[in-house]
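# Structural description and commentary
These are the residues of each chain, in order.
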Amino acid sequence: MIRLIQGIDRMEHAFEIDRMHTIRAEVFHHRLCWDVTVKDGWEIDVFDEQNPLYIISIDPDTDDVRGSLRLLPTTGPNMLRDVFSDLLPDDLEVADPLIWEASRFSMDPEYACRSKKCGQVSEITAELFLGAIEIGALIGLRQLVTVYDARMARLFRRANFNIDVVGTPMRYGRVMTYAGVIDTNQTTINELRMASGHTASVLEKPAPTNPLAALVA
Amino acid sequence: MRDVRFSSIIEKLQAVSKKGDGRDLLDRVVEEYGLSNAVYYARKIPELTPKEHFFALTYQDDWVRHYQDQDFFSIDPVLKAGAQSLLPVDWDVLDRRAPKIQQMFGEAQDFDVGHKGLTFPIRGVNGETALLSITSDFSDREWSQTKSIYIRDFQVIANFIHEMIIRTEGGGRLCPKLSPREIECLRWASEGKTYEDIAVLIGIRTGTVKTYMEMSRRKLNALNTTHTVARAISFKLIDPPG
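Here is a short report on the structure shown in this document. Not measured: the values here are computed from a predicted model.

### A closer look at the pairing of strand β5 (residues 65-73) of chain A
All names here are of chain A. With nine of its nine residues buried, β5 lies for the most part within the structure. One ladder, built from six bridges, connects strand β4 (residues 53-58) with β5; its direction is antiparallel. Residue pairing across strands places Ile 56 opposite Ser 68, the latter belonging to β5. What sits between β4 and β5 in their antiparallel hairpin is a turn of six residues, with Asp 63 showing a positive phi close to 65 degrees. Of the strand pairs in this sheet, β5 and strand β6 (residues 99-107) are connected by six bridges, and their pairing is antiparallel. Paired with Pro 73 across the bridge in β6 is Trp 100.

Structure follows, in structure tokens:
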């Protein structure tokens, strides 16, 4: 299931936040060898200071964190605007209150190995993608934009995630890098559900006192 | 699906051109959606609020005076949530334990503020922050049934209201600036070409066409492609087809 955590609520979710940054260090630094900063075992960057919305996959049996991704509004600091703007033509700047950016998709490697397949992708992958699109649809967003690599491109294909490449993919360091957009609507949700076998919402029902209780019925 | 009141509100928001008219329009929003009140509040918009806060609201004047006299500004959890949160906030989950906050929500009822509320944070494209709150007197049951519709529609309406306020309260009517490629895509779209057609015609990816069109939609405050084209024609950015 997917737990939604806003950056401003990180203190109330210290466990999930710690696990998320630790998993990100393992995945992006140790395994993928990306040029990321790891501090005290955490991979954390300037965009984490911007009050992102974290989409967190939770093991329903143990309440442990299995993986996460991060959403940022494109009206503020985001990776496409501030790091990867060369991917887009000079006269195209994505900044729209109804388009958010997804980044830092990662899964705990142990969970990823053990995870059962959901169609062509792991249960955790499908759940994270669905979580991001579902919350986008719930609050009336139009699209998610994301910067991704060949590894993610394969996952998108397998998950039947109809992402449109924007601009021209190029190499950053050793990594072939793409920008893409996907609609946050019921069609996308249905396609993802079809590909993964999910039939209902992946979003966890928050406790009544949780500020997100208002959003997830 | 969104219903006719949604598009009718958006249309009216775009038609507002005179300073001050925006406030009347909030009354219409409230009426169309069966709400008690609506409040737009901006804290950090240089062209709008050089010295003080800017707000447009439908509350009774007595409540506004009382709110100011009591300096509820400094403790109102709605303002705090609107400034910090990324997602809409239901007033039911606000922490009301502090005595002054309890006092505020208690007294609000004497002025028919409405006891249910939702606040939509607004993050403008130039980094400005504002919020829109809507209130109602629904029962718990009615509220839980209708809230999701409000959340979906008002995230969009909040941004349109923000644009309308900046346009009418800030200086003059500016024609949105579109890039040559954005205009080119719009011109083809006005002739009925699909995104795939346009991609082939001008030799860029479909996703890039789609994104140019999304940015034109945002700049022209439109709801979809057809609407974007219509707005571009009315601004004389492109010629009518034919």
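### Here's the deal with the packing of helix α1 (residues 4-15) of chain B against helix α6 (residues 140-169) of chain B
Packed helices, taken two at a time, are described by the angle between their axes plus the distance between the axes. Residues and elements named next belong to chain B. At their nearest, the axes of α1 and α6 sit 9 Å apart, and the two run at 10 degrees to each other. In terms of axis orientation, α1 runs roughly parallel to α6. Of the residues in α6, those touching α1 at Arg 5, Phe 6, Ile 9, Ile 10, Leu 13 and Gln 14 are Ile 149, Asp 153, Val 156, Ile 157, Phe 160, Ile 161, Met 164 and Arg 167. Looking at the contact of α1 with α6 residue by residue, the classes come out as 10 nonpolar, one polar and three charged.

### Quick notes on the sheet that holds strand β1 (residues 37-42) of chain B
All names here are of chain B. One open sheet holds the five strands; their spatial order is β2-β1-β5-β4-β3, and the pairing between them is antiparallel. The strands lining the two open edges of the sheet, one partner per strand, are β2 (54-57) and β3 (89-90). Here six bridges tie β1 to strand β5 (residues 129-136), and the two strands are oriented antiparallel to one another. Each residue of the ladder has a partner; that of Tyr 40, found in β5, is Leu 132. Lying over the sheet, α6 contacts β1, β2, β3, β4 (116-123) and β5, oriented at roughly 40 degrees with respect to β4.

### Quick word on the pairing of strand β10 (residues 164-172) of chain A
All names here are of chain A. Alignment of β10 against strand β11 (residues 175-183), held across six bridges, turns out to be antiparallel. Bridging from a neighbouring strand, Met 170 pairs with Thr 177 of β11. Taking the residues between adjacent antiparallel strands as the criterion, β10 and β11 are bridged by two residues, where Gly 173 takes a positive phi near 65 degrees.

### Looking at a positive patch on the surface
Residue and element names in this part refer to chain A. A cluster of basic residues, Lys 117, Arg 154, Arg 157 and Arg 158, forms a positive patch at the surface. Counting residues per element, the positive patch draws most heavily on helix α5 (residues 150-158), at three residues. If you trace the backbone, Arg 158 turns up in helix α5.

### Considerations on the sheet that holds β11(A)
Where strands meet in a sheet, backbone hydrogen bonds hold them as pairs that are either parallel or antiparallel. Residues and elements named next belong to chain A. Taken in spatial order, the seven strands of this open sheet run β1-β4-β5-β6-β9-β11-β10, and their pairing is mixed. With one partner strand each, in any of the chains shown, β1 (2-6) and β10 form the two edges of the open sheet. Looking at each pair of strands side by side, their axes are set apart by 25 degrees on average, direction ignored.

Calculation notes
Residues numbered from 1 in each chain as written. Chains lettered and ligands numbered in written order. Predicted model: local features only at pLDDT ≥ 70, side-chain atom pairs only at ≥ 80, totals over all residues. Heavy atoms only, no water. Buried < 20%, exposed > 50% of the residue type's maximum accessible area, 1.4 Å probe, protein only. Helix = DSSP H or I, 4+ residues; strand = E, 2+ residues; numbered from the N terminus. Pairing = 2+ DSSP bridges. Axes fitted to C-alpha atoms, helices over the stretch in contact; angles between N-to-C directions. Parallel < 35°, antiparallel > 145°, perpendicular 65-115°, else oblique. Contact = heavy atoms within 4.5 Å. Nonpolar A, V, L, I, M, F, W, Y, C, P; charged D, E, K, R; others polar. Patch = residues over 30% accessible without salt bridge, like charges linked within 9 Å, V, L, I, M, F, W, Y side chains within 5 Å. Areas by Shrake-Rupley, 256 points an atom, 1.4 Å probe, with all protein chains shown as cover. Salt bridge = Lys/Arg side-chain N within 4 Å of Asp/Glu carboxyl O. Lys, Arg positive; Asp, Glu negative; His and termini not counted. Charge placed at Lys NZ, Arg CZ, Asp CG, Glu CD.

Spatial relationships are all this shows, so hold off on functional conclusions.
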